[in-house]
Amino acid sequence: MGRGDLTNAEWDRLESFLPRGGARGGRWSDHRRVINGVLYRVRTGVQWRDLPERFGPWETVYKRHRRWSADGTWKMLLSRIQAAEDAAGGIDWDVSVDSTAVRAHQHAAGARKALPPAMPQKGRPGDEPGRSGAAETGCPPGGGGQIGECLGRSRGGFTTKIHLAADGRCRPLAYVLTPGHHGDGPQLEHVLRQISVPRRGVGRPRSRPDHVLADKAYTSRSNRLYLRRRGIRHTIPERLDQKRHRQGRGSRGGRPTGFDSERHKKRNTVERAINRLKGFRGVASRYEKRAYIYLGTVTLAALVTWLRT
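A quick note: this is a predicted structure, and the numbers were derived from the prediction, not measured.

A. A look at the overall build of the protein. The helix and strand tally for the protein stands at 12 helices and seven strands. Here the protein holds 309 residues, and the buried ones make up 49% of them. By sequence separation, contacts in the protein at least 24 residues apart represent 70% of the contacts at least 6 residues apart. If you sum the accessible surface of the protein, you get close to 15200 Å²; carbon and sulfur atoms cover 48% of it.

Take a look at the structure:
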């Protein structure tokens, strides 16, 4: 086992969830070796062709990562681990929301306008090939171009933004990709809708946090109305300009928003979750041209964070 590879305990938690069959009725190459190869690349940020020989052919490792990013296998593994943790009572449902900008390498631009054809796969019964990760981005699905691949222009060049919801133990619960110049506030509802932790046995997945903490970027009236409609308590500070505008309207401005400054200190959990994700160099800098493959990279980093926390 090399540095950064899955330990025996981590592998035991994952092995039973992995697909059994390969493409065209064949057999998968050794899952553990290939996953360690993908993890090595995500952790170090090296080019796929520079993977050490102990992981096997680099094409096998890359194609497995691309396939599992497209058909939602990485997302499925993350959901299973979250479900097991929730069943054991290990999730703190005080959820914090924030975002982080990721600088895109110059080679991340220039993707073809048309997506390549989906790769056929024989996995577990009911598995459907397709890019499920496209539904978790704030970019137009199925299109090429910079916006379609979640690449936005800013002063530093091309950037992608990760909007993240983390539990009280600094672990990612849900995330959304957008171009780097998109604002934080409009993505709050989209991020919270991505929270879906399956339950062991009968019951719908849990999707509603006990409490939501966020900074002033999320203090819009529409966000507060959305949280009230879902019955989610929240701690979001009010911006000074909003406070002055409300006071200037007198009784028509409504009551001031409640704010618990002590509870708001717990919002640092999402900052620490972002730091953990960006400890993976493949997440801290985007090298992928396709947004769904980069989303798979973020998902694998989140999966490892859950396994090791």
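B. Broad picture of the packing of helix 3 (residues 58-71) against helix 12 (residues 291-307). Two elements in contact, helix 3 and helix 12, have axes whose closest approach is 8 Å; the angle formed by their N-to-C orientations is 95°. Of the possible angle classes, the one that applies to helix 3 and helix 12 is roughly perpendicular. Note on element contacts: helix 12 touches helix 3 through Tyr292, Ile293, Gly296 and Thr297, opposite Tyr62, His65, Arg66, Ser69 and Ala70. Each residue belonging to the contact of helix 3 with helix 12 can be placed in one class, and the counts come to four nonpolar, four polar and one charged.

C. Inspection of the nonpolar core at higher detail. Core analysis: the largest hydrophobic core is formed by 64 residues, its most contacted members being Val283 and Leu303. Top element by residues in this core is helix 12. It accounts for 11 residues. The contact partners of Leu303, leaving out residues within four places of it in the chain, are Leu14, Trp74, Leu77, Leu78 and Ile81. Counting five residues, the second largest nonpolar core, distinct from the first, contains Ala104, Ala108, Ala109 and Leu151.

D. Highlighting the environment of Gly157. Structurally, Gly157 is set in strand 3 (residues 157-166). C-alpha of Gly157 to C-alpha of Arg103: the two residues are 54 residues apart in sequence and 7.5 Å apart in space. Beyond its immediate sequence surroundings of up to four residues, Gly157 is in contact with Arg103 and Gly152.

E. Representation of the packing of helix 2 (residues 31-44) against helix 3 within the structure. One can describe the packing of helix 2 onto helix 3 by two numbers: an axis separation of 9 Å at closest approach and a directional angle of 85°. By the angle between their axes, helix 2 is roughly perpendicular relative to helix 3. Contacts between helix 2 and helix 3 involve His31, Val34, Ile35, Gly37 and Val38 from the first element and Thr60, Val61, Arg64, His65 and Trp68 from the second.

F. Representation of the pattern of salt bridges in the model. The full count for this structure, using the stated rule, is 18 salt bridges. With its nearest N and O atoms 3.3 Å apart, the salt bridge here joins Lys266 to Asp94. Note that Lys266 is positioned in the loop between helix 9 (261-264) and helix 10 (268-277) and Asp94 in strand 1 (residues 94-104), a separation of 172 residues in sequence. Judged by relative accessible area, which is 11%, Asp94 ranks as buried. Among the ionic contacts, a cluster of salt bridges with common partners joins Arg13, Glu85, Asp167, Arg169 and Arg171.

G. Representation of the pairing of strand 4 (residues 172-179) within the structure. The element strand 4 is largely enclosed, with a buried count of eight among its eight residues. Hairpin connection between strand 3 and strand 4: a loop of five residues separates the two successive antiparallel strands, and Cys170 in this loop has a positive phi of roughly 65°.

H. Seen up close, the pairing of strand 1. Among the 11 residues that make up strand 1, nine are buried, leaving the element largely enclosed by the rest of the structure. Both strand 1 and strand 7 (residues 285-286) contribute to a ladder of two bridges, which runs parallel. Across the sheet, residue Arg103 finds its bridge partner in strand 7, namely Ser285.

I. Structural detail: the side chain of Asp167. The residue Asp167 is located in the loop between strand 3 and strand 4 in this model. Not counting residues within four places of it along the chain, the set of residues in contact with Asp167 comprises Ile91, Asp92, Asp94, Leu173, Thr269 and Trp306.

J. Structural view of helix 4 (residues 73-87). Here helix 4 spans 21 Å end to end across 15 residues, near enough to the 21 Å set by a 1.5 Å rise per residue. Within helix 4, the full set of buried residues consists of Thr73, Trp74, Leu77, Leu78, Ser79, Ile81, Gln82, Ala83, Glu85 and Asp86. A positive backbone phi angle near 75° is found at Gly89, which sits one or two residues after helix 4.

Definitions and limits used
Residues numbered from 1 in each chain as written. Predicted model: local features only at pLDDT ≥ 70, side-chain atom pairs only at ≥ 80, totals over all residues. Heavy atoms only, no water. Helix = DSSP H or I, 4+ residues; strand = E, 2+ residues; numbered from the N terminus. Buried < 20%, exposed > 50% of the residue type's maximum accessible area, 1.4 Å probe, protein only. Contact = heavy atoms within 4.5 Å. Areas by Shrake-Rupley, 256 points an atom, 1.4 Å probe, with all protein chains shown as cover. Axes fitted to C-alpha atoms, helices over the stretch in contact; angles between N-to-C directions. Parallel < 35°, antiparallel > 145°, perpendicular 65-115°, else oblique. Nonpolar A, V, L, I, M, F, W, Y, C, P; charged D, E, K, R; others polar. Core = buried A, V, L, I, M, F, W, Y, C linked by side-chain atoms within 4.5 Å. Salt bridge = Lys/Arg side-chain N within 4 Å of Asp/Glu carboxyl O. Pairing = 2+ DSSP bridges. Expected span 1.5 Å × (residues − 1).

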